[in-house]
Number of protein chains: 2
Amino acid sequence: MKIFVDAMGGDHSPTEIVKGCIFAIQEYKMPITLIGIEEEIEKELKKYEYDKKFINIIPTIEIIENDDEPVMAIRKKKNSSMVKGMELVKENDNAVFISAGNTGALLAGGLLKVGRINGILRPALAPILPTKKGPTLLIDAGANAECKSQQLQQFALMGSLYMEKVIGIKNPKVGLINIGIEEKKGTEMIKETFKLLKNSSLNFIGNIEARDIPNGTADILVCDGFIGNIVLKLTEGLAFFIFQALEETILSTTRGKIGALLLKPSIKDLVKQFDYTEYGGAPFLGINGGLIKAHGSSDAKAIKNAIGQGIKYLEKEVNKNIEQEIKKLKIKKEGEE
Amino acid sequence: MKIFVDAMGGDHSPTEIVKGCIFAIQEYKMPITLIGIEEEIEKELKKYEYDKKFINIIPTIEIIENDDEPVMAIRKKKNSSMVKGMELVKENDNAVFISAGNTGALLAGGLLKVGRINGILRPALAPILPTKKGPTLLIDAGANAECKSQQLQQFALMGSLYMEKVIGIKNPKVGLINIGIEEKKGTEMIKETFKLLKNSSLNFIGNIEARDIPNGTADILVCDGFIGNIVLKLTEGLAFFIFQALEETILSTTRGKIGALLLKPSIKDLVKQFDYTEYGGAPFLGINGGLIKAHGSSDAKAIKNAIGQGIKYLEKEVNKNIEQEIKKLKIKKEGEE
């Protein structure tokens, strides 16, 4: 098992990334390879006392920035931590690469440098959404703006396997994001997806309206990458907006300020419910290797969790399971026709 | 100017609807016609002292329920308040119909019974979203699950005219909901829409990511009805979820309970920011008559505001403006080709 971490990606790199790796080797007792500008990594590492045999460095000299054009960056910046990480995942059979860097570049690099699992039409980005009942997987959250129903069927399968193996939910419930609960609602593609999911062996519970997403009715929310991006970003933006407005409203009166002091611990608990970092990052499912996108704003704890998630991903052989189950899906489909 | 109100639609009908009409005649000094089960309306009216010449009743005997299949309901329940209201809008030149009833039936009835404005490809439902900077119009919020770019261009135009004439925003800013701010982001349809909007005379400010929706960067958010439904419902669901979680978290400790008492007025102010009812209902733009969908949970104040909105809609001749501007849009397009 090989764990590679992009030291140069994310808003707080390399400081929080290196710190997260130190946390991770303490918790998981597994060796980690940091990829990035060597002297910057070394400078951070000097801050900690740790077992040297658990940390390796692979030096690179380029950095893919957040505003780099993804495909171009992957093609041109061959000596960047991200491209190197992808290459290592490709070369090693049982490896995972964790990066908090440019999402588009990670998606492009996954396809161009690592490639798809046999039988997978389109890999999909699958972050966790916080809900009333716990974590829900959103798939696809932006890798594929336009999708076909068969791709969504595969997303549902990959998401189910991930939730079962890595998050530990037995027989996870699959919901299809739609504009109504009735079978005949939505676009032609969505109606076709409904049929495919209904006839699959997955635990399909039907359409989920956006209003019900925060209730956590489904463990996996299936949608195309356009919808998924809207759901993910609107959830983030709205939670931020409400908490900010709450703070401003409260602090505008003395009465409110005193109340706020008393409420601080409770509100902190609530904000924690919206803490994506608890579940690590978003796996890029369908890629023939472990690829995990940590949030750009990841702190050390988030990086540590993403590494833990990567270890579980490899231990549970998620990709091997995906490859096997996708074959069955295909056979079943051909048998039916 | 004729104002028709569906007394039988919504969660609190006819009680809150009738009460809203009483508020409205006091505020706007305009006659209102209530449509619905006569004895139920009369029973409610008896609760109030009001100038009798301002309230008329048109009796109907059927009710379109929320779980009725929309097209079927419009076709079969010919003696319902909703069908009657639509017919009256069709028959009268300068009339508006306000209903808090079955949204699908209102949309179906608008198309089947009233019809489109000349030149309009697809009418669109346009509710107001609460944002940091005030009201933003979301168009389309669910009338058309699948759209073409030319339809979205028309939505942008109709939305602009509405925001200018009814809400009073000069030169309103049009944003296109997309998964990134760059021109080349999104589906083919969205990219095509970007071009159309960029080349139009509208005040187009570019793509808006979902994360920025709560900031109120644009006055009009253009999208297809699938995306619009997701945005509207997720906003509602998430605000409800956060406020409910806030209440539960706070009330779980004594310290929190005391804090909550002190904060109650501030939080009430905040919840008010999410109060859709301030702006009345959602106009069904592009229909050849005034059609306003009030929220299903509308109370008397919301109904009064929706009536006020209807009056402004007619006074400002929104539909006449739409018809004129749509013609220009067409001429411009033909001239370009």
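If you're wondering where the values come from, they're calculated on a predicted model, not measured in any experiment.

The rules behind the values
Residues numbered from 1 in each chain as written. Chains lettered and ligands numbered in written order. Predicted model: local features only at pLDDT ≥ 70, side-chain atom pairs only at ≥ 80, totals over all residues. Heavy atoms only, no water. Helix = DSSP H or I, 4+ residues; strand = E, 2+ residues; numbered from the N terminus. Rg over C-alpha atoms; globule rule 2.2 N^0.38 Å. Buried < 20%, exposed > 50% of the residue type's maximum accessible area, 1.4 Å probe, protein only. Contact = heavy atoms within 4.5 Å. Areas by Shrake-Rupley, 256 points an atom, 1.4 Å probe, with all protein chains shown as cover. Patch = residues over 30% accessible without salt bridge, like charges linked within 9 Å, V, L, I, M, F, W, Y side chains within 5 Å. Salt bridge = Lys/Arg side-chain N within 4 Å of Asp/Glu carboxyl O. Lys, Arg positive; Asp, Glu negative; His and termini not counted. Charge placed at Lys NZ, Arg CZ, Asp CG, Glu CD. Least-squares fit on C-alpha atoms with pLDDT ≥ 70 in both. Phe/Tyr/Trp six-rings, centres within 6.5 Å; stacked < 30°, edge-to-face > 60°. Lys NZ or Arg CZ within 6 Å of the ring centre and 35° of its normal. Pairing = 2+ DSSP bridges. Buried area = accessible area lost by both parts, 1.4 Å probe. Nonpolar A, V, L, I, M, F, W, Y, C, P; charged D, E, K, R; others polar.

Asker: Give a description of the overall build of chain A that names residues and reports values.
Answerer: Each helix and strand counted, chain A has eleven helices and twelve strands in total. Computed over C-alpha atoms, the radius of gyration of chain A comes to 21 Å, within 12% of the 20 Å expected from 2.2 N^0.38 for 337 residues, which places it in the range of a compact globule. Its C-alpha atoms give chain A principal-axis dimensions of about 60 × 60 × 35 Å. Each of the 337 residues in chain A was classed as buried or not, and the buried ones make up 59%. The contacts of chain A with a sequence gap of at least 6 include a subset with a gap of at least 24, amounting to 71%. Counting every atom, chain A has about 14,400 Å² of accessible surface; 49% of that belongs to carbon and sulfur.

Asker: So what's going on with a negative patch on the surface? Residues and values would help.
Answerer: Residue and element names in this part refer to chain A. Negative charge collects at one region of the surface, where Glu38, Glu39, Glu40 and Glu42 lie side by side. Within the secondary structure, Glu40 is located in helix H2 (residues 38-45). Here Glu40 falls in the partly exposed class, since its relative accessible area comes to 34%.

Asker: I'd like a description of the environment of Pro130(B), backed by residues and values.
Answerer: All names here are of chain B. Tracing the sequence through the fold places Pro130 in strand E6 (residues 128-131). Pro130 sits in the buried class, given a relative accessible area of 12%. In the structure, Pro130 is positioned 105 residues away from Thr235 in sequence and 9.2 Å away in space, judged by C-alpha atoms.

Asker: Give a description of the relation of the copies chain A and chain B that names residues and reports values.
Answerer: Each copy superposes on the other: chain A lies on chain B with an RMSD of 0.0 Å after a rotation of 180 degrees and an axial shift of 0.0 Å. These values place the two chain copies in the arrangement generated by a two-fold rotation axis. The C-alpha atom lying nearest the rotation axis in chain A is that of Gly259(A); the distance is 1.9 Å. Both copies contact each other with a shared surface, as 100% of the interface residues of chain A are interface residues in chain B too.

Asker: Before we move on, can you summarise the packing of aromatic side chains with the specific residues and values?
Answerer: Tallying each qualifying case throughout the model produces four aromatic pairs over all chains. Between Tyr162(A) and Tyr313(A), the ring centres sit 6.2 Å apart and the planes meet at 45 degrees, which makes this aromatic pair tilted. With Tyr162(A) in helix H6 (residues 149-167) and Tyr313(A) in helix H10 (residues 300-315), this residue pair connects regions lying 151 residues apart in the sequence. Of the two residues, Tyr162(A) and Tyr313(A), both sit in the buried class. One Lys or Arg, Lys53(B), reaches over the ring of Phe54(B) and ends 4.9 Å from the middle of that ring.

Asker: Can you tell me about the pairing of strand E1 (residues 2-6) of chain B, naming the residues and giving the values?
Answerer: On a regular strand, each side chain points to the face opposite its neighbour's, so the side chains alternate between the two faces of the sheet. Residue and element names in this part refer to chain B. Across the five residues of E1, four count as buried, placing the element largely inside the fold. Pairing between E1 and strand E4 (residues 95-99): four bridges, direction parallel. Among the inter-strand pairings, Lys2 is bridged to a residue of E4, identified as Ala95. Strand direction decides the pairing type here: E1 and strand E2 (residues 32-36), joined by three bridges, are parallel. Paired with Asp6 across the bridge in E2 is Ile35.

Asker: Which residues make up the interface of chain A and chain B, and what values go with them?
Answerer: Tallying the contact residues gives 53 residues for chain A and 53 residues for chain B. Of the roughly 4,900 Å² buried at the junction of chain A and chain B (both faces included), carbon and sulfur atoms supply 76%. For the pair chain A and chain B, the interface holds four salt bridges. Note that Arg211(B) and Glu236(A) form a salt bridge whose closest N and O atoms lie 3.4 Å from each other. At the level of elements, helix H7 (188-198), helix H8 (225-251) and helix H9 (254-273) of chain A are the ones that each hand at least two residues to the side of chain A that touches chain B. The biggest single contributor to the side of chain A that touches chain B is H8(A), with 21 residues. Of the residues assigned to the side of chain A that touches chain B, the class counts are 29 nonpolar, 15 polar and nine charged.

Asker: Which residues make up unusual backbone geometry, and what values do they have?
Answerer: Between Ile139(A) and Asp140(A) the backbone carries a cis peptide bond, its omega angle lying at 5 degrees. Here Asp140(A) lies in the loop between strand E7 (134-139) and H6. Of the consecutive residues Ser13(B) and Pro14(B), the connecting peptide bond is found in the cis state with omega at -5 degrees. Mapped onto the elements, Pro14(B) comes out in the loop between E1 and helix H1 (15-28). A positive phi angle, near 45 degrees, is found at Asn171(A), a position not held by glycine. Phi at Glu317(A) is positive, roughly 50 degrees, even though this residue is not glycine. By secondary structure assignment, the location of Glu317(A) is in the loop between H10 and helix H11 (318-336).

Asker: Now, about the pattern of salt bridges: what can you tell me, with residues and values included?
Answerer: Residue and element names in this part refer to chain B. Throughout the structure, instances matching the rule amount to 22 salt bridges over all chains. Lys320 is the partner of Glu317 in a salt bridge, and the nearest nitrogen-oxygen pair spans 3.8 Å. Exposure remark for Lys320: the relative accessible area of 47% places this residue in the partly exposed category.

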